[in-house]
Structures are given as C-alpha cells and as structure tokens.
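# Observations on chain architecture
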Amino acid sequence: MTDERSVLNDYASLINWLESTAMEMNETIFFQPIKQGKWSPAEILSHIMMWDNYLLKERIPFIEMEANLPKLDNVEEVNQRSAEYALSGLNKENLVAETVQARRQVVARLQQFEPIQWSNTFYIEKYPICLTSYIKGLIEHDDHHKLQVEVFMNEQGFSLSHFTL
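Predicted model only: the values in this text are computed from it and were never measured.

Here we take up the overall build of the chain. Regarding its fold elements, the chain presents seven helices and three strands. Going from N to C terminus, the chain has its helices and strands arranged as α-α-α-α-β-α-α-β-β-α. In terms of overall size, the chain behaves like a compact globule, its C-alpha atoms giving a radius of gyration of 16 Å where 165 residues would be expected to give roughly 15 Å. Dimensions of the chain, computed from the C-alpha atoms along their principal axes, are close to 50 × 35 × 25 Å. The 165 residues of the chain split such that 43% are buried. Only carbon and sulfur atoms are counted for the fraction: they give 51% of the accessible area of the chain, which is about 8,800 Å².

So, on to the pattern of salt bridges. Under the defined criterion, the tally for this structure stands at six salt bridges. Close ionic contact of E19 with R104 constitutes a salt bridge, the shortest N to O distance being 3.1 Å. With E19 in helix α2 (residues 14-20) and R104 in helix α6 (residues 92-110), this residue pair connects regions lying 85 residues apart in the sequence. Among the salt bridges present, the one from K35 reaches E155, with a minimum N-O distance of 3.6 Å. With K35 in the loop between α3 (27-30) and α4 (41-59) and E155 in helix α7 (residues 131-155), this pair connects stretches of sequence that are 120 residues apart. For K35, a relative accessible area of 48% gives the class partly exposed. By sharing partners, the salt bridges in this structure join D52, R103 and D142 into a single network.

Right, let's talk about the side chain of S40 for a bit. With respect to the helices and strands, the residue S40 is situated in the loop between α3 and α4. Take S40: its relative accessible area is 0%, and that puts it in the buried class. Apart from the residues lying within four places of it in its own chain, the contact partners of S40 are F30, F31, Q32, P33 and I34.

Strand order in the open sheet formed by three strands is β1-β2-β3, with mixed pairing between adjacent strands. A single partner strand is all that each edge strand has here, and the edge strands are β1 (68-69) and β3 (127-130). In this structure, strand β2 (residues 121-124) lies alongside β3, joined through four bridges in antiparallel fashion. Bridge pairing in β3 places F122 opposite I129. Taken strand by strand, α7 contacts β2 and β3, and its axis lies near 90 degrees from that of β3.

Counting residues in hydrophobic clusters, the biggest one holds 24 residues, and the most contacted among them are W17, L18, F30, L45, L95 and V96. Looking at this core, the elements that each hand over two or more residues are α2, α3, α4, α6 and α7. With five residues, α4 is the largest single contributor of residues to this core. Residues in contact with L95, not counting those within four places in the same chain, are F30, A42, S46, M49, Y85, A86 and L90.

Below, the discussion takes up the pairing of β2. Burial of the side chains of β2 is restricted to one face: F122 and I124 are buried, whereas none of T121 and Y123 on the reverse face is. As defined by bridge partners, β1 adjoins β2 across two bridges and the pair is classed as parallel. The partner of L69 across the bridge, within β2, is I124.

Moving on to the packing of α4 against α7. The relative placement of two packed helices is expressed as an angle between their axes plus a distance between the axes. Axis separation between α4 and α7 bottoms out at 10 Å; the angle between their running directions is 165 degrees. With respect to α7, the element α4 is oriented roughly antiparallel. Regarding α4 and α7, the two cross each other, and that crossing is left-handed. When α4 is examined against α7, the residues P41, I44, H47, I48, L55 and R59 are found in contact with a partner set consisting of Y134, I135, L138, H141, D142, H145, Q148, V149 and F152.

With 95% of its residues at a pLDDT of 70 or more, the chain shows a mean pLDDT of 92. In the model of the chain, α3 stands out as the element of lowest mean pLDDT, 92, in contrast to α6, which has the highest, 97.

Rules used throughout
- Within each chain, residues carry numbers counting from 1 in the order of the written sequence.
- Side-chain atom pairs in this predicted model are given and counted only at pLDDT of 80 or more, local residue features only at pLDDT of at least 70, and totals for whole chains, interfaces and linings cover all residues.
- In computing side-chain properties, one takes all heavy atoms of the structure into account and sets aside hydrogens as well as water.
- Numbering goes from the N terminus for both helices and strands, where a helix is a DSSP run of H or I of at least four residues and a strand is a run of E of at least two.
- Each radius of gyration is computed over the set of C-alpha atoms, and the globule rule expresses the reference value as 2.2 Å times the number of residues to the power 0.38.
- Each residue is placed in one exposure class: buried if its accessible area under a 1.4 Å probe, protein chains only, is under 20% of its type's maximum, exposed if it is over 50%, and partly exposed if it falls in between.
- All accessibility values rest on the Shrake-Rupley procedure with a 1.4 Å probe; residue burial counts only the protein chains present in the view.
- Each salt bridge in this description consists of a side-chain nitrogen of Lys or Arg and a carboxyl oxygen of Asp or Glu lying within 4 Å of one another.
- Any two residues whose heavy atoms approach within 4.5 Å at even a single point are treated as in contact.
- Two strands qualify as a pair provided that DSSP identifies no fewer than 2 bridges between them.
- Helix axes are fitted only over the stretch in contact, all axes being lines through C-alpha atoms; the angle between N-to-C directions runs from 0 to 180 degrees.
- Take the buried residues of types Ala, Val, Leu, Ile, Met, Phe, Trp, Tyr and Cys, join any two whose side-chain atoms come within 4.5 Å, and each joined set is a nonpolar core.
- These descriptions rest on fixed angle ranges, namely under 35 degrees for roughly parallel, over 145 for roughly antiparallel, 65 to 115 for roughly perpendicular, and the rest for oblique.
- By convention, the crossing between two helices is left-handed when the near helix turns anticlockwise from the far helix through less than a right angle, and right-handed when the turn is clockwise.
- For every residue, the predictor states its confidence as a pLDDT score lying anywhere from 0 to 100.

Dropping the structure here:
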C-alpha cells in the first residue's frame, strides 16, 4: 500500500471509531467534561468536526505545489466556537453524525489528489510541508483526542472491547 493510501486510511479510520466507540456513551457522559476544566467528549468531537470543516474550506482547495497558505491566527476562537456548538442543544447522535459527515467529506476530497500531490511541498506561513506530513499530523491530533475520550470512558465504567491506541 502506498504511503498516501495508508495515511488516508488512517485518517478515515476515525469514522469507524466515531460510529462505534463514541456511540457507546450515554448522553449524560457524552456531555460531561473528561476532567475538571476540560472539554466533554461532545466538545472534543465538535472540535474535530470544526477543524475538518476548516480543512475543507481553507486548506484543501489551496494546496498545490509551492503554495503559501496563511497560518490561522484565531485558533482559540475556532476552538471556543466548536465547544459552544457542541453545547448548543444537539444530541449525541446528531453531533456524531455531523462529525462523521465532515470526515467523510475530507476523505472524499483527499482521494482526488494524485499520488505526486501528496509529496509536493507547500507552505504554511513559510513552514514547508507536504500533504502526507500534514495529514499525519492531523492523525496524531485525532489519536490524542481519541485516547482522552477512551480513558474517560474507562474511568466512567465503560469496558471498551477495542481500545484503538
């Protein structure tokens, strides 16, 4: 399997995790902070979804050889909006479904890139990166949040039959 295919499969694997592990939680646990002063699983999923939407609108359309993309200056504002959205009255099923849909859209768009495009260098605020490395970084971000949620679920007494990490 090519590196870009492997990376894309890893990135898409969040969908299965969302449809299985995230759906195992009851509504109360889903909206409960994982620790004092931390986000709830709902807020974490909304955060992932918002960044997928950002990727769809502000990154993927502009990734090309030698492109220079701006760094996002208001990261905390985006994170705050995602947390607020999670707590805006959505139920667990709807939030999981929206997060799955956002990830499916990103995966579908990434599948349109030719193999050579995965290794072409582009820049984010003059920092050189290729699509493969960029998506690998997002996978690490996903894994960090998946582990947070799984540890929280374990602490809440959910016995997960398949820890993903």
